[in-house]
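Understanding the architecture of this molecule
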Amino acid sequence: MKTFKALAGLALSAMLMGSVAFAGEIVINSDHSDPAPKKAMEELIADFQAKNPEITVKWNNFDHEGYKASIRNFLTADPPDVVAWYAGNRMAPFVEAGLFEDVSDVWAANGFDESLKSAAASMTMDGKKWGVPYTYYQWGIYYRADIFAEQGIAPPKNWAELLAACEKLKAAGVTPFAIGTKALWPTGGWFDYMDLRVNGYEFHMDLTAGQVPYTDPRVKAVFEKWAELVKPGYYLENHAAIDWQDAIPQMVQGKAAMYLMGNFAVATMKEGGLTEEQIGFMQFPEITAGVPMAEEAPTDTFHIPSGAKNKEDAKVFLAYLASPEAQAKMNATLGQLPVNNQAAKPSDKFLDAGFTMLSNAYALAQFYDRDADAEMAKAGMEGFQEFMVKPGEVDRILERLEKVRAKVHQ
Amino acid sequence: MANAKPAGFWKRNQLKIAPWVFLAPGGIMFLIYVLIPIVQSVWISFHDWDGLGDKVWIGVANYVELLDDDTFYTALKNNVLWLVLYLLAIPMGLAVALFLNQTVFGIRLYKSLFFFPFVISQVVVGLMFTWFYAPDFGLFSQFIKWLTGTEVAILADERFVTYGIIAAGLWPQTAYCMILYLTGLNNLNPEQIEAARMDNARGLRLLWHVILPQLAPATFIAMVVTVIGALRSFDLVSIMTAGGPYGSSQVLSYFMYEQALSEYGYRMGYGAAIAVVLFLIMMVFITLFILRMIMQERNR
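All chains use their own residue numbering, which begins from 1 and follows the written sequence. Each chain takes a letter, starting from A, and each ligand takes a number, starting from 1, following the order in which they are written. For a predicted model such as this one, the threshold for reporting local features is a pLDDT of at least 70, and the threshold for listing and counting side-chain atom pairs is 80 or more; totals across whole chains, interfaces and linings nevertheless cover every residue. Side-chain metrics in this entry use all non-hydrogen atoms of the structure; hydrogen atoms and water are not considered.

Examining the interface of chain B and chain A
Just so we agree on the cut-off: By definition in these notes, contact holds between two residues if any of their heavy atoms fall within 4.5 Å. What gets called buried area is simply the loss in accessible area from a 1.4 Å probe that two parts show on being joined, summed for both. The salt bridge definition used is simple: a Lys or Arg side-chain nitrogen within 4 Å of an Asp or Glu carboxyl oxygen. Here a polar contact is recorded for every N or O atom pair within 3.5 Å, except that within protein the pair must consist of a potential hydrogen donor and a potential acceptor, and residues adjacent in sequence are included only if both atoms are side-chain atoms. Three residue categories are used. Nonpolar comprises Ala, Val, Leu, Ile, Met, Phe, Trp, Tyr, Cys and Pro, charged comprises Asp, Glu, Lys and Arg, and polar comprises the others, including Gly.
Facing the 30 residues of chain B at the interface are 31 residues of chain A. Of the roughly 2700 Å² buried at the junction of chain B and chain A (both faces included), carbon and sulfur atoms supply 55%. On inspection of chain B and its partner chain A, the count reaches six salt bridges. Of the charged contacts, one joins lysine 378 of chain A and glutamate 258 of chain B as a salt bridge, the two residues approaching to 2.9 Å between their closest N and O atoms. Summed over the shared surface of chain B and chain A, the result is seven residue pairs in polar contact (both at pLDDT 80 or more). Tallied by class, residues from the side of chain B that touches chain A come to 15 nonpolar, five polar and 10 charged.

Quick look at the structure:
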């Protein structure tokens, strides 16, 4: 309680300092504190000001945890003009509380319905657009191409092939999948993909929106498929003790062969000593034949708070942010994918593969902890972790999740 | 006497008022930082509140939910484990203190080395033990592997995780108890010990019947500090496991934080309800300690 108040006070005083807005000044709050995102933001703001000299930009940069803790306070107490946040259900509490501005007009005026099409669904609530996406990245299976070649394995296209590949790797003394679940969220990626491939995008969205009980036989079916990987020990042992980065050395040393991760993992793998040729990328294979292939692509966004003082200029900024030039340049620095489909394609091998995959995707899921309600997400991912350690307990775990779901979505 | 002015209000009541004036700064602080927040916490625990919107009065619903929450029972069970095992710090501290209570060359250096773990932050202790237990490269798991041939990831195994964290906590806590006992040992009455030796008491009997009674004040303080420390065990849980794997190392204080303030939380009412429960548990011990102190003062 005390920490919370202290944070509130801190955020408040920071905002009070920044709130003396001149005509033509916009205040941006964001959490681009890591080196690459920080550089991308600096470039973006410089380019924007060069193009719009009458608008000055004031940028308050937060660290991630501090940002998550204080956004709730500054949105109500003293809102800036533009804020960074995430798409999907993550923005729902702010939209429902009336803290975000409807920016459908920005979308309509700039033709974003066409150029930002892939992220449109995840920016829409009640038929309106609530922000502008600027970057996303793909998820998929990164594998040791040299180990696959050594064992004579072709990248699996369906479930049977994946199981066969796992069996072969295991027999050769290589753990098929690296994973570290200490921070819980890596389990969310697995559940999302299993559900998207077994039951499809619509069911997955209904489930994460809390409309389907976790005790539903279709959810059970997901775990039955998942158990085919868990029970034979196809995941790294002791994954609950390590973070996702700690599992990378296993892959670098050739003790594990595959990793279901976001594209950011490539940088860590390369730092660990793998060359670009050693790393391969493949789409998560098909499970139920005929289910259209939806992908996981967490999207980062900018929004205008409903209490912003300079909405006119903030909208100019959002329009610029979503333009092909701005997105191409920003994402080249970020090492991620531009959402605007008119933007220049990235030259990187993995981003290129991801770009092609996402452009052809049936639909995009954000990620379990962004699609599901926060409390549900926490309980859910804890359940997934427990399942990956004790697959036999699946019924008890699902009952517990259903209890939480029933409580959250009354 | 007849023409003496009647004494003013201040003069007449000076002796009565002065103590209150001197108490006021402390009293006001205590009110603002302790009493009012306690009342507020209890008040919030009867509401459904996300910290932003309106508070909705829901009566005891938070407590009813708590009674139906598996995590709560896990946390409660772990808190009991913490309480019981953390007390081991007291005999361990005593043992180290007795061992160090000798005059040999360089004893000051040894003493400060033993006290060292208490000086470093709990966060650092947590990190060190996390690496110590880490599968593959941790010293402890290597040792276990060498000993038994199988690897055990302490922090990923629900059977051992709480014990693993408590062991990490015992390290600095033992050092703390050791310091308390070392000062106590300095104040022993040498005549009593001499008399006891003349009566042919030595070894454990000397320790039990002569030394320990004289160390009672140190034991009392060590007890208070250790019990409170066990109940507030937050830092280590947060650093080493964040309550995992799947909530099996959860304790009340971390559970409260997670529900009220973490990324997945913002349930202020529910968090406050957990805080109230934790407060009540602490109250039992605090009352016992205070009662004992009052009794001692009366006996003087």
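Here's the deal with the environment of asparagine 200 of chain B
This is how it is decided: Helical segments are the DSSP runs of H or I of at least four residues, strand segments are the runs of E of at least two, and each set is numbered from the N terminus. To sort residues, take the accessible area from a 1.4 Å probe on protein chains only and compare it with the maximum for the residue type: under 20% means buried, over 50% means exposed, and anything in between is partly exposed.
By the secondary structure assignment, asparagine 200 of chain B is in the loop between helix 9 (190–198) and helix 10 (203–214). We classify asparagine 200 of chain B as exposed; its relative accessible area is 57%.

Overview of the sheet that holds strand 3 (residues 82–86) of chain A
Residue and element names in this part refer to chain A. We count it as follows: Note on pairing: DSSP must find at least two bridges between two strands before they are called paired. Orientation is described by lines fitted to C-alpha atoms, with helices fitted over the stretch in contact, and by angles between N-to-C directions that extend from 0 to 180 degrees.
With mixed pairing, the five strands of this open sheet are ordered in space as 2-1-3-12-6. The open sheet has two free edges, formed respectively by strand 2 (56–61) and strand 6 (132–136), since each of these has just one partner strand. On average, each strand axis in the sheet is inclined to that of its neighbour by 25 degrees, with strand direction left out of account. Where strand 3 and strand 12 (residues 299–303) come together, four bridges link them in antiparallel fashion. Within strand 12, the position partnered with tyrosine 86 by the bridge is aspartate 300. Across the sheet, helix 3 (residues 64–77) is in contact with strand 1 (25–30) and strand 3; its angle to strand 3 comes to roughly 130 degrees.

Details of the confidence of the model for chain A
Low-pLDDT portions of the prediction should not be read for the details of their coordinates. Put simply, the rule reads: pLDDT measures the predictor's confidence residue by residue and takes values from 0 up to 100.
For chain A, the mean per-residue pLDDT works out to 87, and 94% of the residues sit at or above 70. In this model, residues 9–22 of chain A is a region of pLDDT below 50 whose contacts with residues beyond four sequence positions or in other chains number 13 contacts.

Here we look at the environment of alanine 40 of chain A
All names here are of chain A. By secondary structure assignment, the location of alanine 40 is in helix 2 (residues 35–51). Look at alanine 40 and you get buried, because its relative accessible area is 1%. Each C-alpha atom, one on alanine 40 and one on methionine 376, is 33 Å from the other, the two residues being 336 residues apart in sequence. Discounting residues that sit within four places of it in the chain, alanine 40 has contacts with Met330, Thr333 and Leu334.

Brief notes about the domain arrangement of chain A
All names here are of chain A. To keep it simple, the criterion reads: What marks off one domain from the next here is an automatic or database domain assignment.
Looking at the assigned domains, one finds that chain A contains domain 1 (2–136 + 299–356) and domain 2 (139–296 + 373–408). Summarising the inter-unit geometry, the C-alpha centres of domain 1 and domain 2 are found 30 Å apart. Contacts between the two partners involve eight residues from domain 1 and, on the opposite side, 10 residues from domain 2. Across the domain 1 to domain 2 interface the summed buried area is about 630 Å²; carbon plus sulfur atoms make up 57%. The largest share of the area that domain 1 buries against domain 2 comes from Asn89, Lys349 and Phe350, three residues that together contribute 70% of it. Where domain 1 meets domain 2, there are two residue pairs in polar contact (both at pLDDT 80 or more). Taken together, the residues that form the side of domain 1 that touches domain 2 break down as three nonpolar, three polar and two charged.

With respect to the pattern of salt bridges
All told, the structure shown has 29 salt bridges over all chains when counted by the stated rule. Across the salt bridge formed by glutamate 295 of chain A and arginine 197 of chain A, the nearest N and O atoms sit 3.1 Å from each other. With a gap of 98 residues between them, glutamate 295 of chain A in strand 11 (residues 295–296) and arginine 197 of chain A in helix 10 (residues 185–198) connect regions that are remote in the sequence. Since its relative accessible area comes to 1%, arginine 197 of chain A is described here as buried. The salt bridge involving glutamate 402 of chain A is made with arginine 405 of chain A; its shortest N-O contact spans 2.9 Å. Here glutamate 402 of chain A and its partner arginine 405 of chain A are both found in helix 20 (residues 394–408), three residues apart, which amounts to about one turn of the helix. What makes glutamate 402 of chain A buried here is its relative accessible area of 15%. Residue arginine 405 of chain A is classed as buried on the basis of its relative accessible area of 12%. Connected through shared salt-bridge partners, Glu386, Lys390, Glu393, Arg396 and Arg400 of chain A together with Glu158 of chain B make up one network.

Some words on the side chain of serine 233 of chain B
Tracing the sequence through the fold places serine 233 of chain B in the loop between helix 11 (216–231) and helix 12 (235–240). Beyond its immediate chain neighbours, meaning those up to four positions away, serine 233 of chain B contacts Trp82, Val251 and Ser253 of chain B.

Some points on the packing of aromatic side chains
Basically, it comes down to this: Aromatic contacts are taken between Phe, Tyr and Trp rings whose centres are within 6.5 Å, Trp giving its six-membered ring; a plane angle under 30 degrees counts as stacked, one over 60 as edge-to-face, and the others as tilted.
Per the counting criterion, the structure on display carries 57 aromatic pairs over all chains. Note on tryptophan 85 of chain A and tyrosine 86 of chain A: the rings are 5.1 Å apart at their centroids and 50 degrees apart in plane angle, and the pair reads as tilted. The buried category is assigned to tryptophan 85 of chain A, whose relative accessible area is 8%. A centroid spacing of 5.4 Å and a plane angle of 80 degrees characterise the contact between tyrosine 133 of chain B and phenylalanine 140 of chain B, whose relative ring orientation is edge-to-face. You can call tyrosine 133 of chain B buried: its relative accessible area is 5%. The class for phenylalanine 140 of chain B is partly exposed, based on a relative accessible area of 23%.

What about helix 13 (residues 252–261) of chain B?
In terms of burial, helix 13 of chain B is largely enclosed, as eight of its 10 residues are buried. Within helix 13 of chain B, the full set of buried residues consists of Leu252, Ser253, Tyr254, Phe255, Glu258, Gln259, Ala260 and Leu261 of chain B.

Quick look at a nonpolar patch on the surface
Residue and element names in this part refer to chain B. Here is the rule we go by: Patches here are clusters of residues that have more than 30% relative accessible area and form no salt bridge, with a 9 Å joining cutoff for like charges and a 5 Å cutoff for nonpolar side chains (Val, Leu, Ile, Met, Phe, Trp, Tyr). Using a 1.4 Å probe, accessible areas were evaluated by the Shrake-Rupley method; residue-level cover was limited to the displayed protein chains.
Together, Ile28, Met29, Phe30, Leu31, Ile32, Tyr33, Val34, Leu35 and Ile36 make up an exposed nonpolar region whose accessible area comes to about 830 Å². Mapped onto the secondary structure, phenylalanine 30 falls in helix 1 (residues 9–44). Owing to a relative accessible area of 44%, phenylalanine 30 belongs among the partly exposed residues under this scheme.

Regarding the pairing of strand 2 of chain A
Residues and elements named next belong to chain A. The criterion, for reference: Crossover handedness is defined here as right-handed if the route from the first strand over the helix to the second strand goes clockwise, with the strands pointing away from the viewer.
Two elements, strand 1 and strand 2, share six bridges in a ladder whose sense is parallel. Bridge assignment links isoleucine 28 to a residue of strand 2, and that residue is tryptophan 59. For the segment spanning strand 1, helix 2 and strand 2, crossover handedness is right-handed.

What about the sheet that holds strand 9 (residues 256–262) of chain A?
Residues and elements named next belong to chain A. Within the open sheet, the four strands sit side by side as 8-9-7-10. Their pairing is mixed. For this open sheet the edge positions go to strand 8 (175–178) and strand 10 (279–282), each flanked by a neighbour on one side alone. Ignoring strand direction, the axes of neighbouring strands in this sheet form an average angle of 25 degrees. Where helix 9 (residues 159–171) meets the sheet, its contacts fall on strand 8 and strand 9, and the angle it forms with strand 8 comes to roughly 110 degrees. Along the sheet face, helix 10 touches strand 7 (139–144), strand 8 and strand 9 and points at about 90 degrees away from the line of strand 9.

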